[in-house]
Amino acid sequence: MAGGILDPDGARDRLEAWKGRIDRLAADTQAMSESFQNVRVTVDDQNGLARVTVDSTGAMVDLRLTDRIHRVPPNEVARAVLATLGQARGELADRSQEIITDTVGDSPAGWAIAERVGNQLRGSEGTRVVPQDEDDGNDSRTYLRER
């Protein structure tokens, strides 16, 4: 039964091939993780009010406001910051998905990881920032709410 299920040499070859795939997957996953750690995205809002930088987790790590904020209502500044933060997270999701494809490849596992990361960074899961209504007197405040 050469190559059959009871063939010790064939079983050994299959186990070695399987171990090789697992080792490659582990190395690719480590490389992907290291690449993620170094990603930062900076985006300027379209009206020149704010510049937002997010880290690899999508957390805002820097916010720069320009002098133009003094010429617009606070709620407009808040909307600009939030919109720019969302755009930065979207760009981060795109970059993260590129890293996943480059390291894990175009595979079902890669697709699943990329989808999960994209959903988290684009706000499809978890916590999101929700601006308060302008009519409640708190138009310059924002609050985090769990979905």
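**Q** So what's going on with the side chain of D55? Which residues, and what values?
**A** Along the polypeptide, D55 turns up in the loop between β2 (50-54) and β3 (60-65). The side chain of D55 sits in the buried core without any salt bridge; R40 is the nearest counter-charge, 5.7 Å away. Other than its neighbours up to four places away in sequence, D55 contacts V39, R40, V61 and L92.

**Q** Break down the nonpolar core for me, with residues and values.
**A** In terms of nonpolar packing, the biggest core is built from 17 residues, with M32, V41, V54, L92 and I100 touching the most fellow members. When contributions to this core are tallied by element, the ones reaching two or more residues are α1 (8-37), β1 (41-44), β2, α2 (74-104) and α3 (108-121). Residue contributions to this core peak at seven residues, all from α2. Look past the residues within four positions of V41 in its chain and what remains in contact with it is V52, T53, V54, A88, E91, L92 and R95.

**Q** Kindly report on the pattern of salt bridges, identifying the contributing residues and their values.
**A** Evaluation of the coordinates by the stated rule reveals five salt bridges. Put simply, R12 and D9 hold a salt bridge, and the shortest N to O gap is 3.1 Å. Separated by three residues within a single helix, R12 and D9 lie in helix α1, roughly one turn from each other. With a relative accessible area of 48%, D9 lands in the partly exposed category. Put simply, R51 and D44 hold a salt bridge, and the shortest N to O gap is 2.6 Å. You can call D44 partly exposed: its relative accessible area is 43%.

**Q** Got a sec to walk through a nonpolar patch on the surface? Specific residues and values, please.
**A** On the surface, L15, W18 and I22 cluster together into a nonpolar patch covering about 330 Å² of accessible area. Considering the arrangement of structural elements, one finds W18 in helix α1.

**Q** Please give an account of the sheet that holds β3 that cites residues and values.
**A** With respect to topology, three strands assemble into an open sheet ordered β1-β2-β3, the strand pairing being antiparallel. Of all the strands in the sheet, the pair left with one neighbour each is β1 and β3. Each adjacent strand pair in this sheet contributes to an overall mean axis angle of 15 degrees, direction not counted. Here five bridges tie β2 to β3, and the two strands are oriented antiparallel to one another. For A50, the partnering residue across the bridge sits in β3 and is L65. In the packing of α2 onto the sheet, contacts are made with β1, β2 and β3, and the angle to β1 comes to roughly 140 degrees.

About the cut-offs
Residue positions are counted from 1 within each chain, in the order its sequence is given. Predicted model: local features are reported for residues with pLDDT of at least 70 only, side-chain atom pairs are reported and counted for 80 or more only, and whole-chain, interface and lining totals are derived from all residues. To get the side-chain values, all heavy atoms of the structure are used, and hydrogens and water are removed first. The secondary structure listing takes helices from DSSP runs of H or I that are at least 4 residues long and strands from runs of E that are at least 2 residues long, numbered from the N terminus. Under the scheme applied here, a residue whose accessible area is under 20% of the maximum for its type counts as buried, over 50% as exposed, and between as partly exposed, the area being computed with a 1.4 Å probe on protein chains only. In this count, Lys and Arg are taken as positive residues and Asp and Glu as negative ones, while His and the chain termini are left out. Salt bridge, as applied in this entry: a Lys or Arg side-chain nitrogen positioned within 4 Å of an Asp or Glu carboxyl oxygen. Residue contacts are counted whenever heavy atoms from the two residues lie within 4.5 Å of one another. Buried residues of nine kinds, namely Ala, Val, Leu, Ile, Met, Phe, Trp, Tyr and Cys, make up a nonpolar core once their side-chain atoms join them within 4.5 Å. Patch definition: residues above 30% relative accessible area lacking any salt bridge, with like charges linked at up to 9 Å and the nonpolar side chains Val, Leu, Ile, Met, Phe, Trp and Tyr linked at up to 5 Å. Here the open area of atoms and residues is found with the Shrake-Rupley method and a 1.4 Å probe, where only the protein chains shown may cover a residue. Only when DSSP finds a minimum of two bridges between them are two strands counted as paired. Between N-to-C directions, angles cover 0 to 180 degrees, with each direction set by a line fitted to C-alpha atoms, over the stretch in contact for helices.

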